Structures are given as C-alpha cells and as structure tokens.
Amino acid sequence: MTIPFFEIKNLSKSFGGLTAIDQLSFQVERNTIFSIIGPNGAGKSTIFNCINGLYKPEEGEINFKGQSLRGFRPDQVAKKGIARTFQNLELFAHMSTMDNLLLGRHLHMKAPIWQLIGLSIKPLKAAKEEIHHRQKVEEIIDFLELQSARNQFVSALPYGKQKLVELGRALALDPELLLLDEPAAGLNQEEREEMVFWIKDIRNHLVITVILIEHNMQMVSSISDRILAINFGKKLVEGTAKEVLN
C-alpha cells in the first residue's frame, strides 16, 4: 500500500456553534500543485491553520509522509518541512529583503538569530554559520530575481515585490510542502502572471509540492494539477481543472 505524500482524513473544526470544516478528506500527490477553491467563509484558511498547528481540529487526521501532524505546534510542523505564506503580508517592513529571508532560515540556525543578523562583530562559529545561510538566501534571491531588492527595506518595495519576498522567506525554510494562501491577492494582471510563473518553477525546478488557496479562477485553471472545491467546510467536488471548473 502506497503512503500518500499528504493526506487529510475526516477533518472537522468548529468555532462555538459554527462548523468551519466538516468531515473533509483529500490527498495531495508529491510534486503537484493542488488548489482549494470556494467562497469567502468556506473554510479554506481554516484548513491551512489546522495543517500548520495554529488550530486544533476536533476530529480527523492530518498526515504528512505517513506521520500524523495532530497536536504539533507551528514550529514543529515547519521543522517537518511545511512552510506557509499568509493572505496579509507578515513581513518586517523596516528590515531589508536579505534580512527578511534570513529570518526564514531560523529553524536551521544553531547560533542565536541576533548574532547572525544583528551584530557587526560576530563569534567565529556564528560568522561561519551566517555565511552558509546567506549563501542559501542568495540562491533564493537569484531564483526569484530579487537582486535589485536585496538591500532595500521591504517597506520601500512595490506590493508585488513584497509578495515575492514573503514567498522567498517561505522557501528559505527548505520546505517539501508549501502552503500558499491567496498569493495573487492584490496583484495586477502582469504580477499575477509572474506569480504563476514562479509557482510553476517552484514545483518544476525546486521540486516542492504546493497547496494553493486562490480566488482567481483564471490563475487556478492555468496552474493546478488538481482542484478541490469546498463550501461550508464540506467537499463539493474534486478533480482536474477541467472537471471542477466545468
């Protein structure tokens, strides 16, 4: 029997008397782009919050490479190789792009983070470690073509570039599974097309599996291997883009 790369089984989550997720089940294959669609309030972000440990579901299982994530804290989920972006940007606006991406490496750091990005004179061990993490971040900067933004404060960047910085910070974790919560929200048409390009490249070249929440159906149809449509926390339909959107 093949163990699914990622699986949710009979997941339920309520807030008071309101059921946000109702006995929801689905599987995601490795190295695919899996999109979750539905109206506002359908429970999409609640799914992500359950996956990364912000919410504790009342019922069901969340399994990653055969291991249950139930009861794990967000940092423990991240250490397993699951990274996430958010609907609203959660960046440090008065830090540079480089330093924001370095913060994405924090789970891999042995020296205190203040020694790596805060001191001009560092202990030798911390200095060697900083070189390694900066090399990893430079690879992400090159991959996302953020060279011109490397040393700029994030607050000075256009919104579309800020979305790429947040994407880069998630990639800095070295995830196997990337959760993208409305990555195209607030972007214009050109920026959305660019985001589609980067997400496809993340799957194809970095070999990272992507679960995507998105309202833009044009983007979803062009990017998804499979789509899950939900409403009131229940599955409506799941299949290929053509099957679901029809």
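Residues numbered from 1 in each chain as written. Predicted model: local features only at pLDDT ≥ 70, side-chain atom pairs only at ≥ 80, totals over all residues. Heavy atoms only, no water.

1. So, the sheet that holds strand 4 (residues 59-64)
The strand order across the open sheet formed by 4 strands is 2-1-4-5, and the pairing between neighbours is antiparallel. The strands lining the two open edges of the sheet, one partner per strand, are strand 2 (18-28) and strand 5 (67-68). (Pairing = 2+ DSSP bridges. Helix = DSSP H or I, 4+ residues; strand = E, 2+ residues; numbered from the N terminus.)

2. A few points about empty space enclosed by the protein
Applying the stated rule across the entire model yields 1 cavity of 30 Å³ or more. Its volume calculated, the largest cavity comes out at about 50 Å³. If you go around the largest cavity, the residues you meet are T85, F86, K163, E166, L167, L180, D181, P183 and M195. Among the secondary structure elements, those contributing two or more residues to the lining of the largest cavity are helix 6 (159-171) and strand 7 (177-181). For the lining of the largest cavity, the element with the most residues is helix 6, which contributes 3 residues. Tallied by class, residues from the lining of the largest cavity come to 5 nonpolar, 1 polar and 3 charged. (1 Å grid on protein atoms, 1.4 Å probe; cavity = no way out; pocket = protein on both sides within 12 Å on 5 of 7 lines; lining within 4 Å. Points joined across faces, edges and corners; volume = space filled by probe spheres on them. Nonpolar A, V, L, I, M, F, W, Y, C, P; charged D, E, K, R; others polar.)

3. Focus on unusual backbone geometry
Phi is positive for Q23, which is not a glycine, with a value near 50°. Turning to its location among the elements, Q23 is positioned in strand 2. Accessibility expressed as a relative area gives 38% for Q23, which makes it partly exposed. Notably, D174 is not glycine yet its phi reads approximately 60°, a positive angle. Note that D174 resides in the loop between helix 6 and strand 7. Among the residues examined, D174 registers a relative accessible area of 39% and is labelled partly exposed. (Buried < 20%, exposed > 50% of the residue type's maximum accessible area, 1.4 Å probe, protein only.)

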